[in-house]
Amino acid sequence: GGVPPAMDLVLGAAGGCMACVLTNPLEVVKTRLQLQGELRAPGSHPRPYRGVLRAVGAVCRHDGLRGLQQGLAAGLLYQGLMNGGRFYCFSAAEAQGWGRYPGGTVAAGAVAGAVGAVVGSPAYLVKTHLQAQTKSAVAVGHQHNHENITSAFKNIYKQHGVAGLWRGVTGAVPRVAVGSAAQLATFTSAKDWVCQHKWFAEGSWSAVLAGGMVSGVAVAVTMTPFDVVSTRLYNQPVHPDGRGKLYRGFLDCVRQIASKEGPLGLYKGIGAVYLRLGPHTVLSLFFWDELRKM
């Protein structure tokens, strides 16, 4: 309370960036798992990444420990842009009294998430490209072979212009909107449920973390299909005119994954998505809340 939306923009961005440093390794693993076996039937392709823990080991063996922080600069830029826009819009909506209406908080979260996704889309595009890059022995998905974040932005802009920087945004908007709405709809009730069962003391950060992990189940189940589609749309190779070589758009991507990889193809990487959600949610809120107090 008492913090204007403009200040929430700065503090929300800072909180998201602090959390990103600690959760980026799971983002790298999630990206690799979601690209593995792209448009191929289950069992018909090599699997260099088998589950979250073994995927972490595979990344370390082939890319070193630094490989777990691949794409960190782009991830920080994305978190700053996306969370800054998201917290600003949510704070502004709350100030306008959206919370007084049934479902108003969830609607505010969904709208704020959609705005944040559009603002942060170019950074997420580059982050996905960089996190997918690895040695050919364990490469999955298309390899864009950027040298760093700066060259990635330059290459994309040079080849496809400003519009190319927002390629894949049709998958990002529903991804963040659904995730944000589901999180707001379940996080508080999950935290209260944990406290009512006396697992942890009310008001403690252990209760918040437990609530985040319980809430993370609902968010992971609802958001993972959108997350997989978003990763595929961002990472696919494109024609010189900017059209995707693999997918024509969001619905075409869903259809192709479901028909060629099976319905479970839309849930690739759900373990990494879940393990990242709880800590990232809690850390983002913790850092944001502490910065607000300061």
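Our subject in this report is the structure included herewith. (Residues numbered from 1 in each chain as written. Predicted model: local features only at pLDDT ≥ 70, side-chain atom pairs only at ≥ 80, totals over all residues. Heavy atoms only, no water.)

**A short note on the overall build of the protein**
Phase 1: A tally of regular secondary structure across the protein gives 9 helices and 0 strands.
Phase 2: Rg of the C-alpha trace for the protein: 19 Å, near the compact-globule value of 19 Å for 294 residues, within the 12% margin.
Phase 3: Expressed as lengths along the three principal axes of its C-alpha atoms, the size of the protein is roughly 50 × 40 × 35 Å.
Phase 4: Looking at the protein residue by residue over its 294 residues, the buried ones come to 51%. (Helix = DSSP H or I, 4+ residues; strand = E, 2+ residues; numbered from the N terminus. Rg over C-alpha atoms; globule rule 2.2 N^0.38 Å. Buried < 20%, exposed > 50% of the residue type's maximum accessible area, 1.4 Å probe, protein only.)

**Some details on the packing of aromatic side chains**
Phase 1: All chains considered together, the criterion is met by 4 aromatic pairs.
Phase 2: For the ring pair Trp193 and Trp199, a centre distance of 5.1 Å and an interplane angle of 75° mean the geometry is edge-to-face.
Phase 3: Classification of Trp193 as partly exposed rests on a relative accessible area of 37%.
Phase 4: Look at Phe226 and Phe250: their rings are 6.0 Å apart centre to centre, the planes differ by 20°, and that puts the pair in the stacked class. (Phe/Tyr/Trp six-rings, centres within 6.5 Å; stacked < 30°, edge-to-face > 60°.)

**Thoughts on the packing of helix α7 (residues 205-235) against helix α9 (residues 270-293)**
Phase 1: Contact geometry of α7 with α9 gives a least axis separation of 7 Å together with a crossing angle of 135°. One way to sum up the angle between α7 and α9 is to call them oblique. For α7 against α9, the interelement crossing comes out right-handed. Residues Trp205, Val208, Leu209, Gly212, Met213, Gly216, Val217, Val219, Ala220, Met223, Thr224 and Asp227 of α7 touch α9, and the partners they reach there are Ile270, Val273, Tyr274, Leu277, Gly278, Pro279, Val282, Leu285 and Phe286.
Phase 2: Split by residue class, the contact of α7 with α9 holds 16 nonpolar, 4 polar and 1 charged. (Axes fitted to C-alpha atoms, helices over the stretch in contact; angles between N-to-C directions. Parallel < 35°, antiparallel > 145°, perpendicular 65-115°, else oblique. Left-handed = near helix turned anticlockwise from the far one by under 90°. Contact = heavy atoms within 4.5 Å. Nonpolar A, V, L, I, M, F, W, Y, C, P; charged D, E, K, R; others polar.)

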